[in-house]
Amino acid sequence: MSDFNQPMGGNEMPRFGGPATMMRLPAQDTAEGLDVAFVGIPMDIGTSNRPGTRLGPRQIRDESRMLRPYNMATRAAPFDSLQVADIGDVPINTFNLLKSVEIITEFYDRLLEHNCIPLTLGGEHTITLPILRAIAKRHGPVGLIHIDAHADVNDHMFGEPIAHGTPFRRAQEEGLLDAQRVVQIGLRGTGYSADDFDWCREQGFRVVTAEACWYRSLAPLMAEVREQMGDGPVYITFDIDGLDPSVAPGTGTVEMGGLTASQGLEIVRGAAGLNIVGGDLVEVSPPYDTSGNTALMGATLLYEMLCVLPGVMRRD
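Remember, it's a predicted structure, so these values are computed and weren't measured experimentally.

Rules of the game
- Residues numbered from 1 in each chain as written.
- Predicted model: local features only at pLDDT ≥ 70, side-chain atom pairs only at ≥ 80, totals over all residues.
- Heavy atoms only, no water.
- Axes fitted to C-alpha atoms, helices over the stretch in contact; angles between N-to-C directions.
- Helix = DSSP H or I, 4+ residues; strand = E, 2+ residues; numbered from the N terminus.
- Left-handed = near helix turned anticlockwise from the far one by under 90°.
- Contact = heavy atoms within 4.5 Å.
- Nonpolar A, V, L, I, M, F, W, Y, C, P; charged D, E, K, R; others polar.
- Pairing = 2+ DSSP bridges.
- Buried < 20%, exposed > 50% of the residue type's maximum accessible area, 1.4 Å probe, protein only.
- Lys, Arg positive; Asp, Glu negative; His and termini not counted.
- Salt bridge = Lys/Arg side-chain N within 4 Å of Asp/Glu carboxyl O.
- Phe/Tyr/Trp six-rings, centres within 6.5 Å; stacked < 30°, edge-to-face > 60°.
- Lys NZ or Arg CZ within 6 Å of the ring centre and 35° of its normal.

(A) Expanded view of the packing of helix α2 (residues 97–112) against helix α3 (residues 128–139). As a packed pair, α2 and α3 sit with axes 8 Å apart at the nearest point and diverge in direction by 35°. At the point where α2 passes α3, the crossing takes the right-handed sense. Contacts between α2 and α3 involve Val101, Ile104, Thr105, Tyr108, Asp109 and Leu112 from the first element and Pro130, Ile131, Arg133, Ala134, Ile135, Lys137 and Arg138 from the second. When the residues that make up the contact of α2 with α3 are grouped by side-chain class, the tally is eight nonpolar, one polar and four charged.

As C-alpha cells, this is what we get:
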C-alpha cells in the first residue's frame, strides 16, 4: 500500500460517483501533513465582463474525475511522490472584494505554515494578488510564469485599484515579483492604447504575445524560460483565456487567436525542474461552456502543474 493519498480509481467507483473533490482525492480541513494542497476560491466579484467564475472550482473538481494518477506523456507519478489532498474552498465574503482579498491572504498564510505548496482552483484573477502576498512573505519576491490573453496590469478599473485586471501591477508595486524573472505568454487582443503592454516591458517582464506563438512548438521558449527563472522560487498563474476560445470558451473575457491546448501543456510541462512554490488556474466560468470542456482543460492543467512540482518522480 502507498503511504500517499491516491485519487479514487474508476474501477472502484464509477467516475460519475464518489467524492466531489479534485481528482476524487481525500478531503481534509487544513494543509497539515500535506506536501501539496488543492484549494478552491469561488469568487467573481472582481470581474469586469461576464461573471460566473464563482462556480469555477466546483466544476473543475467535477470534470477532474476524468483524470488518472499517472502522466503517460511525461511519466510523472505525483501520487507516488507527494502527499496531496483537497482542503476545500476559501470562505470569501462575496459582498466585499477588499475583505475577500484579506481573507485569502490570511488563509494562505496559515496554509504555508505547513510547508505545503498550494495549487488553486479559481475564481477570477484578482485572487492571485492576495496569494502572492502570502507567498512572498515566505519565499521573498518570486519569478512568475503568467499565461493569459491580458497583461492584467491596469492601474485601476472604474477607479478601483484591485480587480481582476490589476493584480500584476499591484504585485510589482508591492515588491512581490522578481521583475527580471517574470514572463507573460499569450497576450493579445485589442487595447486602449498602442502601448498597453509596454508597461510590462519597462518593468523588465518578458512579454510573449500570442502571435509570437502561432504555428510553433513552445518547448524552445520554455527552455529559455527555465534558464531565466534559474533556481529561485517560481509561481505559475494560468488564466484559461490564455487558450483560444475554440478550446476554452467558458470564460469571461474571450479573445480570439489564443494558444492551442497542446501549447498550454507545453508551457506547464516546460516548467519541470523549476523551484515552483505555487500555482493557480483561474477564470473558468461554467455558465459559458455547458459542455464542461473548459473546466476539464483547467483541471488537466492543474494536474500538469502537480506533475512538475519539486520532488515528483518520473517512472522509467
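(B) Structural detail: the sheet that holds strand β2 (residues 84–89). One open sheet accounts for eight strands, arranged β2-β1-β3-β8-β7-β4-β5-β6; its pairing is parallel. Two strands close off the open sheet at either side, each with one partner strand: β2 and β6 (206–209). Along the sheet, successive strands turn relative to each other by an average axial angle of 15°, direction set aside. As defined by bridge partners, strand β1 (residues 36–41) adjoins strand β3 (residues 117–122) across six bridges and the pair is classed as parallel. Following the sheet pairing, valine 39 is matched in β3 by threonine 120. Packing of α2 onto the sheet brings it into contact with β1, β2 and β3, and relative to β1 it is tilted by some 170°.

(C) Just the side chain of aspartate 148, in detail. Note that aspartate 148 resides in the loop between β4 (142–147) and α4 (167–173). Put simply, aspartate 148 is tucked away with no salt bridge, and the nearest opposite charge, on arginine 188, sits 6.7 Å away. Beyond its immediate sequence surroundings of up to four residues, aspartate 148 is in contact with His125, Ile185, Gly186, Leu187, Asp239, Asp241 and Gly242.

(D) Just the packing of aromatic side chains, in detail. Enumeration according to the criterion identifies three aromatic pairs in this entry. A ring pair is formed by tryptophan 199 and phenylalanine 205, whose centres lie 6.1 Å apart and whose planes are at 85°; its orientation type is edge-to-face. You can call tryptophan 199 buried: its relative accessible area is 15%. A residue is classified by how much of its surface remains accessible, and phenylalanine 205, at 5% relative accessible area, is buried. Ring centres of tryptophan 214 and tyrosine 215 lie 6.1 Å apart, and the angle between their planes is 65°; this geometry places the pair in the edge-to-face category. Its relative accessible area of 35% is what places tryptophan 214 among the partly exposed residues. Directly above the ring of tyrosine 288 sits arginine 50, whose terminal nitrogen or CZ lies 4.0 Å from the centroid. Above the ring of tryptophan 199, the side-chain terminus of arginine 169 is found at 4.3 Å from the ring centroid.

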